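Structural features, examined
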Amino acid sequence: MIDPCMVRHIAEARATVDRLATDLSWIQEDAEEAARFARQIKAMTARLSSPFDKFVLQDRTWTYLQKMAEDHVRMVAWAERGQKDHMLISVALPKRGWYLSGQEPCTLSDRLAKAVREEQWQKVDQEVMEHLPQFNVDSLRVWLTQEGVPVYCINRLCRFLKHHDEENYEEATYLGIPLLDEIAKHLYGGKTFTTKRSKRGRGDQSKPELAFKTASGPDLVSYCESFVQTFGSLHEDPDQNSLADEDYWNRHAIVHGLMQRAMGVKDSAKCLMAINFLFFARKNEEGADGSDEPESDSRTGG
């Protein structure tokens, strides 16, 4: 029969361990704090008179801390893997014409990173296409009006959405490409999304204009910022050998009539994903809440 007094001591020790274990990662990194933690456990052990009680406390404490340490290691590994996956897809996807807004399920990044590593590009397209955003047009109109976007621009966007929904992908693409800069200028203090020309004295052309920090334009959230740290296929000079490729998505080639094929569902979908990216890439001012973003649902699938 276990002594009730010993049970109480164990419970008290467990509660103390719970409080101390909240800073386990800090303790692991700081030798001085680790030593202090060990002294506290030793002091608690000294208050127990029975060798059995001491053994139970030490065993329970060690088991508990070991589990916490293992959980911490798994969480760190998961976070590091997630960061690597994100950095991989944020470079690879724009080269194929895709942009993510951060509203997609986190499991999508895992699957996309795996497909990119295996160079399964059709799988990449399929995964993104299964998570295209769905907008409530009435709510979208209200939000864009509140953001100062002119009616003529909103009307063009709604025409684009209508053409896309009705599978008029040629019309949708030729509306959608110019809309990217039109929307960006109104939401980002005059900065455009597709241009790589810089108006600054240093003439930096390393990334899209949207990615540059300015006094007037808003910053980008870190998730989206990584997608515009270099040029995607949209921004690059036309590749004369890719003009008939169904996966090639380039502003200059499309707008200037260089493409040697009809525009298809993926072209229109890439416009849709890029527009959704623009809606969510802005960093909210401190204190802003989700009401400052449009209603979008891109969380279909798992």
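Coordinates for the structure precede this section.
Just so it is clear, the structure is predicted and the values come from calculations on it, not from any experiment.

**Points about the overall build of the chain**
Counting secondary structure elements, the chain contains 12 helices and two strands. Element order for the chain, N to C, with α for helix and β for strand: α-α-α-α-α-α-β-α-α-α-α-α-α-β. Taken across its 302 residues, the chain has 43% of its residues classed as buried. Contacts spanning at least 24 positions in sequence make up 65% of the contacts within the chain whose residues lie at least 6 apart.

**Here's the deal with the nonpolar core**
Judged by nonpolar contacts, the single largest core of 59 residues is most densely connected at Leu93, Leu157, Phe193, Phe277 and Phe279. In terms of residue count, helix 12 (residues 265–280) provides more of this core than any other element does, 10 residues in total. Excluding anything up to four places from it in sequence, phenylalanine 277 contacts Tyr99, Leu100, Ser101, Tyr188, Phe193, Leu210, Cys224, Phe227 and Val228.

**Some words on the packing of aromatic side chains**
Inspection of the entire model under this criterion finds eight aromatic pairs. Between phenylalanine 193 and phenylalanine 277, the aromatic rings sit 5.9 Å apart at their centres with planes inclined by 35°, giving tilted as the arrangement. Here phenylalanine 277 lies in helix 12 and phenylalanine 193 lies in the loop between helix 9 (169–187) and helix 10 (222–225), a separation of 84 residues in the sequence. We note that phenylalanine 193, like phenylalanine 277, is buried.

**Quick notes on the pattern of salt bridges**
Under the defined criterion, the tally for this structure stands at 15 salt bridges. The salt bridge involving glutamate 118 is made with lysine 114; its shortest N-O contact spans 2.9 Å. Among the ionic pairs, glutamate 127 bridges to lysine 123, the shortest N-O distance being 3.3 Å. Pair noted here: glutamate 127 and lysine 123 are both in helix 6 (residues 121–129), with a separation of four residues, about one helical turn. Glutamate 127 gets classed as buried once you look at its relative accessible area, which sits at 5%. Salt bridges sharing partners connect three or more residues here, namely Arg96, Asp125, Asp247 and Lys266.

**Section: the packing of helix 8 (residues 151–165) against helix 12**
Viewed as axis vectors pointing N to C, helix 8 and helix 12 meet at an angle of 140°, and their least axial separation amounts to 11 Å. Our classification of the angle between helix 8 and helix 12 gives oblique. Both helix 8 and helix 12 take part in a crossing whose hand is left-handed. Contacts between helix 8 and helix 12 pair Leu157, Phe160, Leu161 and His164 from the former with Ser268, Ala269, Cys271, Leu272, Ile275 and Phe279 from the latter. Grouping the amino acids of the contact of helix 8 with helix 12 by side-chain chemistry returns eight nonpolar, two polar and no charged.

**Some words on helix 6**
Residues of helix 6 that are buried include every one of Val124, Asp125, Glu127 and Val128, and no others. Along the long axis of helix 6, the arc covered by the buried residues comes to 165°, so they all point the same way.

**Details of the packing of helix 6 against helix 12**
Their axes nearest at 11 Å, the elements helix 6 and helix 12 cross at an angle of 55°. In terms of orientation, helix 6 and helix 12 fall into the oblique class. In the packing of helix 6 onto helix 12, the handedness of the crossing is left-handed. Contacts from Gln122, Asp125, Val128 and Met129 of helix 6 reach helix 12 at Val265, Lys266, Ala269 and Met273. Of the residues assigned to the contact of helix 6 with helix 12, the class counts are five nonpolar, one polar and two charged.

Here is what the cut-offs are and how they apply
Residues numbered from 1 in each chain as written. Predicted model: local features only at pLDDT ≥ 70, side-chain atom pairs only at ≥ 80, totals over all residues. Heavy atoms only, no water. Helix = DSSP H or I, 4+ residues; strand = E, 2+ residues; numbered from the N terminus. Buried < 20%, exposed > 50% of the residue type's maximum accessible area, 1.4 Å probe, protein only. Contact = heavy atoms within 4.5 Å. Core = buried A, V, L, I, M, F, W, Y, C linked by side-chain atoms within 4.5 Å. Phe/Tyr/Trp six-rings, centres within 6.5 Å; stacked < 30°, edge-to-face > 60°. Salt bridge = Lys/Arg side-chain N within 4 Å of Asp/Glu carboxyl O. Axes fitted to C-alpha atoms, helices over the stretch in contact; angles between N-to-C directions. Parallel < 35°, antiparallel > 145°, perpendicular 65-115°, else oblique. Left-handed = near helix turned anticlockwise from the far one by under 90°. Nonpolar A, V, L, I, M, F, W, Y, C, P; charged D, E, K, R; others polar. Arc of directions from axis to C-beta.

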